[in-house]
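Working through the structure, step by step
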Amino acid sequence: MQSMRGAVRSARRHLGAGAQAVRRACVEPGRERDLAVQAVKAALAAWVTWSVAGWWFEAPAAFVAPWVAIVLVESTVYRSLAHGLQQLAAIATGTVVATSVALLLHSTMTAMVLVLPTVVLLGNWQRLGSQGIYAATGALFVLTGGTVSVATSAARIAEAVFGAAVGIAVNALVRPPVYLRDTRAALQDATGEAYDILRTVADGLDKGRWDVHEAGTWHERALRLQRLVDQARSAVGWSRESLRINLRRRSSAMSTPGKDYDDAIVVLDYAAVHTAGVTRTVLEAASEDCPEIRPQGPIARHYADFLRQSAEAIHLYSQCRFGHRRDHELHQAVIELRRTLDELRRHALSSVPDDPDQMATYGTLLTQARRLADQLALSGP
């Protein structure tokens, strides 16, 4: 009974999430609308190819055309074209090999034993990329589609070419996909998470909270931050690819993500490394049954101030690069960050005793702080 209730709650959550996605797709631009448009475009490409190949010309293997067309309405125009050429090469290779062997042996069963291992190996050819599997698919269409003949195999290749042409054309001409919005959103998500984590850790250090469970939660969030940065880096790559051979770029004067995006990724990468290093050090100190190695008093307060200022500097950096804030605000924030770091060093030198464990903890924190401050200074105005 309990498992049934859990399944019902899970189903309701999924239905609710689906309904929200549909609502967002209808009322505002975003990833949900982009996915819906791509789905409609894929269906349009399949309908056009079937109407021509299946209904009008009544081709013997008309299903090949819509199948290829719907697959090639890809996430970017460049990818549609590149994958289309690779897929056609793979299908043609599998079709030609299977047709030749089947006509030579006059036995599709024997031909299948010989052909399939060969085309699967050919599908691993680097130049075919991820589309190599279609060599085996093309061979199977020949060997399982009834009577094997040169005319039928040639028709399959022609229909695959037609389907690829329609799929690529639909993706390129009908609202070609662009991912600049997704890139900015990914960068903002990573920046916001870095800001929140640094502020949370700063508050914990300032108030002397060294609970192992809480420190573990901070460290888990810091590790997730690195994944967000990796997603942002991937999004920048997608944006650049989506603008290649894209007609929307010309019509709306869109520009490829430039150095600002790369700089933002570098800064966020350093912030993620810094945050992970700090939270790991805090977690290790909290796990030790020795309160003396934990930064306390003025050192902890100064480090908390440094983390808050780091969070503010990262937030300002994002606003300056992708918002409407002025560079001089970031410049002042970096100057204050440097000043706080200098004060932190002086207090550390005057306060740390000869205890090697305590010196190791302080040294690790100071090293992480210096690296982040240096990167913000280099990438700033």
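Residues numbered from 1 in each chain as written. Predicted model: local features only at pLDDT ≥ 70, side-chain atom pairs only at ≥ 80, totals over all residues. Heavy atoms only, no water.

This part takes up the overall build of the protein chain. Helix and strand counts for the protein chain come out as 14 helices and zero strands. For the protein chain, the sequential pattern of α-helices and β-strands runs α-α-α-α-α-α-α-α-α-α-α-α-α-α. Counting the 381 residues in the protein chain, one finds 43% classified as buried. Looking at the protein chain alone, contacts between residues at least 24 apart form 79% of all its contacts between residues at least 6 apart. (Helix = DSSP H or I, 4+ residues; strand = E, 2+ residues; numbered from the N terminus. Buried < 20%, exposed > 50% of the residue type's maximum accessible area, 1.4 Å probe, protein only. Contact = heavy atoms within 4.5 Å.)

This paragraph deals with the packing of helix α3 (residues 64-71) against helix α6 (residues 133-144). Contact geometry of α3 with α6 gives a least axis separation of 13 Å together with a crossing angle of 165°. In terms of orientation, α3 lies roughly antiparallel with respect to α6. In terms of crossing hand, the pair formed by α3 and α6 is right-handed. Seen from α3, the contacting residues are V64, W67 and V71; seen from α6, they are Y134, T137 and F141. The class makeup of the residues in the contact of α3 with α6 is five nonpolar, one polar and no charged. (Axes fitted to C-alpha atoms, helices over the stretch in contact; angles between N-to-C directions. Parallel < 35°, antiparallel > 145°, perpendicular 65-115°, else oblique. Left-handed = near helix turned anticlockwise from the far one by under 90°. Nonpolar A, V, L, I, M, F, W, Y, C, P; charged D, E, K, R; others polar.)

Between α3 and helix α7 (residues 150-173), the shortest axis-to-axis distance is 7 Å and the interhelical angle comes to 35°. Viewed along their axes, α3 and α7 form a crossing whose handedness is right-handed. Here α3 contributes V64, A65, V68 and A69 to the contact with α7, which in turn contributes R156, E159, A160, F162, G163, A164 and G167.

Below, the discussion takes up the side chain of H83. Within the secondary structure layout, H83 lies in helix α4 (residues 77-105). Non-local contacts of H83, meaning those with residues more than four positions away in its chain, are made with L72, E74, S130 and Q131.

So, about the nonpolar core. Core analysis: the largest hydrophobic core is formed by 46 residues, its most contacted members being L187, V201, L205, Y303, F306, L307 and L376. Elements represented by at least two residues in this core include exactly α8 (180-206), α9 (212-242), α11 (259-287), α12 (297-322), α13 (327-351) and α14 (356-379). V115, L128, A160 and A164 belong to the second largest nonpolar core, which has 21 residues in total. (Core = buried A, V, L, I, M, F, W, Y, C linked by side-chain atoms within 4.5 Å.)

Relative to the helices and strands, A151 is located in helix α7. Distance from A151 to P60, taken between C-alpha atoms, is 9.9 Å for residues 91 residues apart in sequence.

Here the focus is the packing of aromatic side chains. Using the criterion set out here, one finds four aromatic pairs in the structure. Here the aromatic rings of W67 and F141 are separated by 5.4 Å at their centres, their planes lie at 75°, and the arrangement is edge-to-face. Of this pair, W67 sits in helix α3 while F141 sits in helix α6, and the two are 74 residues apart along the sequence. (Phe/Tyr/Trp six-rings, centres within 6.5 Å; stacked < 30°, edge-to-face > 60°.)

Before going further, it helps to spend a moment on α6. For α6, built from twelve residues, the straight-helix expectation of 16 Å at 1.5 Å per residue is met to within 8% by its first-to-last C-alpha distance of 17 Å. Turning to α6, its buried residues are Y134, A135, A136, T137, G138, A139, V142 and L143. Where the residues of α6 are buried, they touch α3, α4, α5 (108-122) and α7. Following α6 by one or two positions, G146 has its phi on the positive side, about 100°. (Expected span 1.5 Å × (residues − 1).)

This is a description of form; function is not addressed.
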